[in-house]
Amino acid sequence: MIGLISATAAGAAARDRLAAAWPDRTRVYDGPVGEAVRTAFAECGQLVCFLATGAVVRLVAPLLADKTTDPGVVCVDEGGRFAVSLVGGHGGGANDLAREVGEVLGAEPVVTTATDAVGLPGLDTLGLPVEGDVAAVSRALLDGEPVALRAEVSWPLPPLPVGGDGPYTVRVTDRLVEPAAREAVLRPPSLVVGVGASKGAPGAEVLDVIDSALRDAGLSVRSVAELATVDAKRDEPGIVAAAERLGVPLVTYTAEELARVEVPNPSDAPLAAVGTPSVAEAAALVRGGELLVPKRKSAGSPATATCAVVRRPGRGRLAVVGLGPGARDLLTPRAKAELRRASVLVGLDQYVDQIRDLLRPGTRILESGLGAEEERARTAVAEARRGQAVALIGSGDAGVYAMASPALAEASDDIDVVGVPGVTAALAAGAILGAPLGHDHVSISLSDLHTPWEVIERRVRAAAEADLVVTFYNPRSRGRDWQLPKALAILAEHREPGTPVGVVRNASRPDESSRVTALAELDPATVDMMTVVTVGNTATRTIAGRMVTPRGYRWQEEPK
């Protein structure tokens, strides 16, 4: 919960705007400011104070205890111009909160955390537990000193300017090791603990067998991602208590699923009790991995709990990102976040140039020219299979005539795939033209490089007969100058010569141009590959120079 505190009418107005935008995330604290800050500090994970920074510093200073547990605090000035991350930039999430507040209120986020200021991800913001000399290693990264990466476990990390040898080290491991001097240890969630238990097994005994198994194998409990067991034990109090104590989810599988898993130590007892010859080993192994600790029993007499430990390899991550039509303000926040998260970027060279400044230091860029779409898709998938966090970029929406299709045709279920939508060329052009897509519409590419013209022509004819608004992508190039005239002729068989047609070139870019003309008057020679052509249906009209396709409600019908 985010506590909101203000002292003046201007502050209260901005406070209420934020509360209205985030009704489920915020709580307003009224009354004397000092008391409100103290109460919110104790009750909330974050605070937004619509007060002077000096006042907030004096109010929260006596309350600060530990940066890992203190709430993040953001200050917003009386004029609503700035959202200042004051306390808990990383641990309390104040840096991200300042950016979010800025987006809602139109304020400039002010973040002074060193790593954020220069675009480096803080080691404590990677989503992994981190130990050791974090401050010294972070300073070395900031100062450009050599920092070695020792990845004992492959994991898809965001970009870090590491590599080679140096006096400082970032170590990625699930082993139970003490960090060395000048070393930061990242704990990836690579371990799965399978557990079985008799009815009524004490939670302490379940925890004890897990702790001893990890300790004896030299594994860190901070790398445990989940406990796994059979469905029949999902509500077993001792197992539930162990998962809660470890702070990890409890995942369950059916007895039939577990019975299909080959294990080194099957037993008749669980087969009779729950229908599978193995619970602990099978539950840990059901999704693959390396068995590090075979089934072991708890120390009770009789033993009431079992566990097994598996290391699952880090799954690579492929984000297929749509960059929109070109304007920076039409690039979505989610797309920006994925670009900053990726350690490897794959894309067409001209698209890479559009967003190069958004990439974090250390991002590896794999760019290529026109006509290499399938090669880029294969490269992106291959990098993800190596355990990398990859962003594959395309213009508009990556799923519309772009990179998502070839990438997903290459990808299998051995990597995680995330789609990030973008503003399509058709939507960008439509917004410029007016409202041409107000009713049913279709997009058709006129490029016959991948699709036979016979198929394209059949689709154009079907759209014409169905009276759909049509947006043509890839309408005309130097080597393909006859397809657009042919497509327009097909539409003319079913539409009046005066049917509105919108032509937009380089939508949203500095050299954008647009015009609305008529079907019979459009000169195809004025169209190129940077152009989107939208042809209205029989209901589309030109109103005040804008294309408008009515939604078709009865109250919009013209009187007879």
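Right above here is the structure, for reference.
Residues numbered from 1 in each chain as written. Predicted model: local features only at pLDDT ≥ 70, side-chain atom pairs only at ≥ 80, totals over all residues. Heavy atoms only, no water.

Engineer: Before we go on, may I ask you to explain unusual backbone geometry in this structure?
Structural biologist: A negative phi angle is the norm for most residues apart from glycine, just as the trans form is the norm for most peptide bonds. For the bond from S301 to P302, the omega torsion is 0°, close enough to zero to count as cis. Inspection of the secondary structure assignment puts P302 in the loop between β14 (290-297) and β15 (305-311). Of note in the backbone geometry, Y401 takes a positive phi value of approximately 55° without being a glycine. Phi at S508 is positive, roughly 75°, even though this residue is not glycine. When you line up the elements, S508 lands in the loop between β24 (500-505) and β25 (513-518). (Helix = DSSP H or I, 4+ residues; strand = E, 2+ residues; numbered from the N terminus.)

Engineer: Looking at this model, I keep getting lost on helix α6 (residues 134-143). Mind explaining?
Structural biologist: V134, A136, V137, S138, A140 and L141 are the residues of α6 that are buried. Buried residues in α6 make contact with β7 (130-132), β8 (147-151), β9 (168-172) and β10 (183-186). (Buried < 20%, exposed > 50% of the residue type's maximum accessible area, 1.4 Å probe, protein only. Contact = heavy atoms within 4.5 Å.)

Engineer: Help me out: how do you make sense of the side chain of E338 in this one?
Structural biologist: Looking at the element boundaries, E338 is found in helix α12 (residues 333-341). Using a relative accessible area of 9% as the deciding quantity, one classes E338 as buried. Reaching out from E338, the side chain makes a polar contact with the side chain of R317 at a distance of 2.7 Å. Sequence-distant contacts of E338, that is, excluding residues within four places in its chain, are made with R317, A319, V321, A391, V418 and V420. (Polar contact = N/O pair within 3.5 Å; in protein donor to acceptor, adjacent residues only side chain to side chain.)

Engineer: Help me understand the pattern of salt bridges, please; the structure alone is not making it clear to me.
Structural biologist: Pairing is possible between side chains of opposite charge, provided their charged atoms come close. A full pass over the atoms with the stated rule returns 31 salt bridges. In this structure, D357 engages R328 in a salt bridge whose closest nitrogen and oxygen atoms are separated by 2.9 Å. Of the two residues, D357 sits in the loop between α13 (349-355) and β18 (364-368) while R328 sits in the loop between β16 (317-322) and α12, which places them 29 residues apart along the sequence. Look at R328 and you get partly exposed, because its relative accessible area is 32%. (Salt bridge = Lys/Arg side-chain N within 4 Å of Asp/Glu carboxyl O.)

Engineer: What is the right way to look at the sheet that holds β8 in this model?
Structural biologist: Adjacent strands of a sheet form backbone hydrogen bonds with each other and so pair up, either parallel or antiparallel. Reading across the sheet, the 4 strands line up as β7-β10-β9-β8 and stay open at both edges, with mixed pairing between neighbours. Both edges of this open sheet fall to β7 and β8, since each of them pairs with a single strand only. With direction set aside, neighbouring strand axes in the sheet form an average angle of 20°. Inspection of the sheet shows β8 paired to β9 by 5 bridges, in the parallel sense. (Pairing = 2+ DSSP bridges. Axes fitted to C-alpha atoms, helices over the stretch in contact; angles between N-to-C directions.)

Engineer: What should I look at first to understand the packing of aromatic side chains in this one?
Structural biologist: Pairs of aromatic rings are described using the distance from one ring centre to the other and the angle between the two planes. In the structure shown here, the tally under the stated rule is 2 aromatic pairs. Pairing Y401 with Y473 gives two aromatic rings, centres 4.7 Å apart and planes at 50°, and the pair type is tilted. Taken together, the residues Y401 in the loop between β19 (389-394) and α15 (404-410) and Y473 in strand β23 (residues 469-473) connect sequence positions 72 residues apart. According to the relative accessible area criterion, Y401 is partly exposed, its value standing at 43%. Residue Y473 is classed as buried on the basis of its relative accessible area of 10%. A cation sits over an aromatic face here: R25 above W22, 4.3 Å from the ring centre. (Phe/Tyr/Trp six-rings, centres within 6.5 Å; stacked < 30°, edge-to-face > 60°. Lys NZ or Arg CZ within 6 Å of the ring centre and 35° of its normal.)

Engineer: Quick question: what am I supposed to make of the sheet that holds strand β27 (residues 541-543) here?
Structural biologist: Ordered by their spatial adjacency, 3 strands build an open sheet running β21-β28-β27, and the pairing between neighbours is mixed. With one partner strand each, in any of the chains shown, β21 (434-435) and β27 form the two edges of the open sheet.

Engineer: Where do I start with the packing of helix α17 (residues 453-465) against helix α18 (residues 483-492) in this structure?
Structural biologist: Helices that pack against each other are described as a pair by the angle of their axes relative to one another and the distance between those axes. In the contact formed by α17 and α18, the axes pass within 9 Å of each other and the chain directions differ by 30°. By the angle between their directions, the pair α17 and α18 is classed as roughly parallel. As α17 runs across α18, the sense of the crossing is right-handed. Residue-level inspection shows W453, E457, V460, R461 and A464 of α17 in contact with α18, the latter providing Q483, K486, A487, I490 and L491. Of the residues belonging to the contact of α17 with α18, the class tally is 6 nonpolar, 1 polar and 3 charged. (Parallel < 35°, antiparallel > 145°, perpendicular 65-115°, else oblique. Left-handed = near helix turned anticlockwise from the far one by under 90°. Nonpolar A, V, L, I, M, F, W, Y, C, P; charged D, E, K, R; others polar.)

Engineer: Please clarify how the nonpolar core should be interpreted in this entry.
Structural biologist: Generally speaking, a soluble globular protein has its nonpolar side chains buried in company with each other. Counting residues in hydrophobic clusters, the biggest one holds 22 residues, and the most contacted among them are V193, I210, L214, L227, C307 and V309. Among the secondary structure elements, those contributing two or more residues to this core are β11 (191-197), α7 (203-216), β12 (224-230), α8 (237-246) and β15. It is α7 that provides the largest number of residues to this core, a total of 6 residues. Counting residues in each nonpolar core, the second largest holds 21 residues, with W453, L488, V503 and L522 among its members. (Core = buried A, V, L, I, M, F, W, Y, C linked by side-chain atoms within 4.5 Å.)

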